[in-house]
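Architecture at a glance
Chain residues, written in single-letter form:
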Amino acid sequence: MQAKIIDGEKISKIIKKEIYNKVKSRISLGKRAPGLASILVGDDPASKIYVQEKYRLCRSIGFFFKLYDFPNDTNEITLLKLIDHLNKDEKIDGIFISLPLPKKINPIRISEKIRPDKDIDGLHPYNIGLLCQRTPKLKPCTSQGVITLLKRYRIKLIGLNSVVVGASNHVGRPMILELLSKGCTTTIVHRFTTDLVYHIKHADLLVVAIGKPNFVPGSWIKPGAIVIDVGINYMKEGEVVGDVCYKEAIKIAGWITPVPGGVGPMTTMMLMKNTLHACEVHY
Ligand SMILES: Nc1nc(=O)c2c([nH]1)NC[C@@H]1CN(c3ccc(C(=O)N[C@@H](CCC(=O)O)C(=O)O)cc3)C=[N+]21
């Protein structure tokens, strides 16, 4: 059996076009373009790449984009003041803060300072709370990207045994909430799970988000399962690989997302979609 490919690059391009058209019609009605402010602190390489990608994307879909680039030793007060300013800035609909932040800065205090209706990463406790109660407004980008991919491929989720590997605040936990609201029976496994392999082997839908290259071998995958690989690992050789051993998994799974070209481009596009949403609410 050869798994069918879930092409995130392709779907993200379709969504990009949809966003572009909506921006164009806003402009033709005399409304302003959506505005995104991006805050980068320090020199995390993944964050740098992500910021460049967002900049290119904003230009090509007609968003207003502003980048704030701070050195590693920036203090919390400087950031809190900037957020306060951006919260009031009428040109800015979405505020994005690249994670991880330097160790000295408390990420919770920073995220909580963002006005919830400008929290395009969907990670403010208010937005997570709404997602938890099934009345979401702005949703976290990666899990939203995964759900959008499954929907566009018309993959049915009701009643599936879903297993999410990794319990992070920004991916694993919101992913579980999304899958639960789609009717999956949800399991989350993490570093203290006693029999990780047992759970993974029973997954009809497997989402892996731990950031460990090729962590899941083909032999752990249930034949015909839907495999969603969230990991983006940069190898020394310059190669980019996922958390799942793609070569092996593709022979056993029913559906699979590649890396690169799977979940990654969807995460970025959902940030744009959230920015447009925030803008439509604002004006
Ligand atoms: N608050 C916050 N939210 C984030 O969502 C966030 C963040 N901080 N900090 C940095 C990481 C990194 N990140 C990526 C998203 C997409 C690709 C992506 O699309 N990658 C390409 C491959 C890129 C390549 O080949 O170099 C792909 O998967 O096809 C990469 C990295 C979001 N992040």
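Rules used throughout
Residues numbered from 1 in each chain as written. Predicted model: local features only at pLDDT ≥ 70, side-chain atom pairs only at ≥ 80, totals over all residues. Helix = DSSP H or I, 4+ residues; strand = E, 2+ residues; numbered from the N terminus. Rg over C-alpha atoms; globule rule 2.2 N^0.38 Å. Buried ≥ 20, exposed ≤ 12 C-beta atoms within 10 Å, placed from the backbone. Pairing = 2+ DSSP bridges. Near = placed C-beta within 6 Å. Nonpolar A, V, L, I, M, F, W, Y, C, P; charged D, E, K, R; others polar. Domains from an automatic or database assignment. Core = buried A, V, L, I, M, F, W, Y, C linked by C-beta atoms within 7 Å. Contact = placed C-beta atoms within 7 Å. UniProt positions renumbered as here; feature names shortened; annotations may be inferred. Axes fitted to C-alpha atoms, helices over the stretch in contact; angles between N-to-C directions. Left-handed = near helix turned anticlockwise from the far one by under 90°. Parallel < 35°, antiparallel > 145°, perpendicular 65-115°, else oblique.

Per the secondary structure count, the protein chain includes 10 helices and 11 strands. Taken over the C-alpha trace, the protein chain has a radius of gyration of 19 Å; the compact-globule value for 283 residues is 19 Å, and the two agree within 12%. The principal-axis extent of the C-alpha atoms belonging to the protein chain is close to 50 × 45 × 40 Å. Across the 283 residues in the protein chain, those meeting the buried criterion constitute 40%.

Judged by pairing direction, the sheet is parallel, and its 6 strands sit side by side in the order β1-β11-β8-β7-β5-β6 without closing on themselves. Edge strands, defined here as strands with exactly one partner in the open sheet, are β1 (4–5) and β6 (185–189). Note that strand β8 (residues 226–229) and strand β11 (residues 255–256) share 2 bridges and pair parallel. In the strand pairing of β11, Val227 is matched with Ile256.

What surrounds the ligand is a group of 18 residues, the closest being Ser47, Tyr50, Leu99, Pro260 and Gly264. Listing elements by their share of the shell around the ligand, those giving two or more residues are α2 (45–61) and α10 (263–282). A breakdown of the residues in the shell around the ligand according to their chemical character gives 11 nonpolar, 6 polar and 1 charged. Residue contributions to the shell around the ligand reach at least three from each of two domains, namely domain 1 (32–116) and domain 2 (141–264).

So, about the nonpolar core. Nonpolar side chains in soluble globular proteins generally cluster together in the buried interior. Ranked by size, the top nonpolar core spans 69 residues in total, and within it Val165, Leu206, Val207, Val208 and Val227 carry the most contacts. The residues that make up this core include at least three from each of domain 1 (32–116) and domain 2 (141–264). Look past the residues within four positions of Val165 in its chain and what remains in contact with it is Val189, Ile200, Val207, Val208, Ala209 and Ile210.

Right, let's get into the UniProt feature "domain: Tetrahydrofolate dehydrogenase/cyclohydrolase NAD(P)-binding" (unreviewed entry) in the protein chain. Using the residue numbers shown here, the UniProt feature "domain: Tetrahydrofolate dehydrogenase/cyclohydrolase NAD(P)-binding" (unreviewed entry) corresponds to residues 140–281. In the segment residues 140–281, helix accounts for 36% and strand for 17%; the C-alpha atoms at its two ends are 17 Å apart.

This part takes up the domain arrangement of the protein chain. Looking at the assigned domains, one finds that the protein chain contains domain 1 (32–116) and domain 2 (141–264). Here the C-alpha centre of domain 2 lies 28 Å away from the C-alpha centre of domain 1.

Topologically, Arg32 is positioned in the loop between α1 (8–28) and β2 (35–41). In the structure, Arg32 is positioned 59 residues away from Lys91 in sequence and 8.2 Å away in space, judged by C-alpha atoms.

With respect to the secondary-structure elements, Asp229 resides in strand β8. Take Asp229: there are 26 C-beta atoms within 10 Å of it, and that puts it in the buried class. For the pair formed by Asp229 and Asn214, sequence separation is 15 residues and the distance between their alpha carbons is 9.9 Å. Those residues in contact with Asp229 that sit more than four places away from it in its chain are Val208, Gly242, Asp243, Val244, Thr257, Val259, Gly262 and Val263.

Take the packing of helix α6 (residues 141–152) against helix α7 (residues 172–181) next. In a pair of packed helices, the angle between the axes and the distance between the axes together describe the arrangement. As a packed pair, α6 and α7 sit with axes 8 Å apart at the nearest point and diverge in direction by 35 degrees. Crossing of α6 over α7 shows right-handed handedness. Counted together, Ser143, Val146 and Ile147 of α6 and Pro174, Met175 and Glu178 of α7 form the full contact between these two elements. When the residues that make up the contact of α6 with α7 are grouped by side-chain class, the tally is 4 nonpolar, 1 polar and 1 charged.

Bringing the UniProt feature "domain: Tetrahydrofolate dehydrogenase/cyclohydrolase catalytic" (unreviewed entry) in the protein chain into the picture now. The feature "domain: Tetrahydrofolate dehydrogenase/cyclohydrolase catalytic" (unreviewed entry), as annotated in UniProt, sits at residues 6–121 in this numbering. Structurally, residues 6–121 is divided into 50% helix and 16% strand, and its ends, taken at the C-alpha atoms, are 23 Å apart.

Moving on, we come to the packing of α2 against α10. Running from N to C, α2 and α10 point in directions that differ by 50 degrees, and their axes come no closer than 11 Å. Classified by the interaxial angle, the pair formed by α2 and α10 is oblique. Note on packing geometry: the crossing formed by α2 with α10 is right-handed. Taking contact as the criterion, the partners of Glu53, Lys54, Leu57 and Ile61 in α2 are, on α10, Thr268, Leu271 and Met272. Partitioned by chemical class, the residues of the contact of α2 with α10 number 4 nonpolar, 1 polar and 2 charged.

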